[in-house]
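Analysis of the macromolecular model
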Amino acid sequence: MISVLVIENEEEKILPLHKALSTFDNLNIVLTNGIDLAKEANSKQYFDFVFLDSSLEQEKSIKCIKNIKSYNPLTMIIVLANEHSQDEEHQFLSIGVKDFLKKSIHTELLVQR
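Because the structure is a prediction, the values reported are computed rather than measured.

1. A closer look at the overall build of the chain
Helix and strand counts for the chain come out as five helices and five strands. Helices and strands in the chain line up, N terminus first, as β-α-β-α-β-α-β-α-β-α. Taking 113 residues into account, the globule formula puts the C-alpha radius of gyration at 13 Å, and the chain, at 13 Å, falls close to it. Seen through its C-alpha atoms, the chain measures out along the principal axes to roughly 35 × 30 × 25 Å. For the chain, long-range pairs separated by at least 24 residues make up 66% of all intrachain contacts whose partners lie at least 6 apart in sequence.

2. As for the pairing of strand 2 (residues 27-32)
Relative to strand 2, strand 1 (residues 2-7) runs parallel, the two sharing six bridges. When the sheet's bridge partners are listed, Ser-3 is paired in strand 2 with Asn-28. Running through helix 1 (residues 11-21), the crossover from strand 1 to the neighbouring parallel element strand 2 is right-handed.

3. Some words on the environment of Gln-91
Note that Gln-91 resides in helix 4 (residues 86-94). In this structure Gln-91 comes out as partly exposed when scored by relative accessible area, which is 34%. Separated by 30 residues in sequence, Gln-91 and Ser-61 place their C-alpha atoms 11 Å apart. When near neighbours in sequence (up to four residues on either side) are disregarded, Gln-91 contacts Gln-58 and Ile-62.

4. Re the sheet that holds strand 1
If you walk across this open sheet you meet the five strands as 2-1-3-4-5, and the pairing is parallel. Only two strands of the sheet have a single partner each, and these edge strands are strand 2 and strand 5 (97-102). The mean inter-strand angle of the sheet, taken between neighbouring strand axes irrespective of direction, is 20°. When strand 4 (residues 76-81) meets strand 5, the two strands line up parallel, connected through five bridges. Each residue of the ladder has a partner; that of Ile-77, found in strand 5, is Val-97.

5. As for the nonpolar core
If you look at soluble globular proteins, the nonpolar side chains tend to sit buried side by side. Leu-5, Ile-7, Val-50, Phe-92 and Val-97 are the most contacted members of the largest nonpolar core, which has 19 residues in total. Contributing elements (two or more residues each) for this core: strand 1, helix 2 (35-44), strand 3 (49-53), helix 3 (58-71), strand 4 and strand 5. Ranked by the residues each element gives to this core, the list is headed by helix 3, at four residues. In this structure, Leu-5 is in contact with Val-30, Thr-32, Ala-38, Ala-41, Phe-47, Phe-49, Val-50 and Phe-51, ignoring residues within four places of it in sequence. Membership of the second largest hydrophobic core comes to nine residues, among which are Val-6, Leu-21, Ile-29 and Ile-78.

6. Some details on the environment of Ser-22
Within the secondary structure, Ser-22 is located in the loop between helix 1 and strand 2. Residues Ser-22 and Phe-47, spaced 25 residues apart in sequence, show a C-alpha to C-alpha distance of 16 Å. Within the structure, the side chain of Ser-22 is placed 2.7 Å from the backbone oxygen of His-18, a separation counted as a polar contact.

What counts, and at which threshold
Residues numbered from 1 in each chain as written. Predicted model: local features only at pLDDT ≥ 70, side-chain atom pairs only at ≥ 80, totals over all residues. Heavy atoms only, no water. Helix = DSSP H or I, 4+ residues; strand = E, 2+ residues; numbered from the N terminus. Rg over C-alpha atoms; globule rule 2.2 N^0.38 Å. Contact = heavy atoms within 4.5 Å. Pairing = 2+ DSSP bridges. Right-handed = clockwise from strand over helix to strand, strands pointing away. Buried < 20%, exposed > 50% of the residue type's maximum accessible area, 1.4 Å probe, protein only. Axes fitted to C-alpha atoms, helices over the stretch in contact; angles between N-to-C directions. Core = buried A, V, L, I, M, F, W, Y, C linked by side-chain atoms within 4.5 Å. Polar contact = N/O pair within 3.5 Å; in protein donor to acceptor, adjacent residues only side chain to side chain.

Quick look at the structure:
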C-alpha cells in the first residue's frame, strides 16, 4: 500500500486531485487543508508521496517540507503550483522537493512523473 498526503489550502481543489489519485490501486490517501493538519498527519504515519499546495505561505511550506523529510527522507514531495518563480523552485528543490506540477492535475501527468 502506497501512502499519499495531500496538503491543499483550497478545499475545492482537493477533490479533483483526490479523484485523479483514486484511479490508482493500492493508495492510502490522506487529505489536509493546512500545514498544521499535515504535520499532525505526518507525525502519525510515513508517507511515500506528498502533494503540497504552493499557495501556502512559503516559510510555513519550507518548515513543513523539512518536517516531512525529518520523519522520512525518502518521501517524494511534489509541489502543486499555479505559478512559481525560478528562485522559489530552486529553494524548494534544494530542500528535497522532487518536482513541480501545474494545477490542475491530470492523471496522465501523474503516471508519467
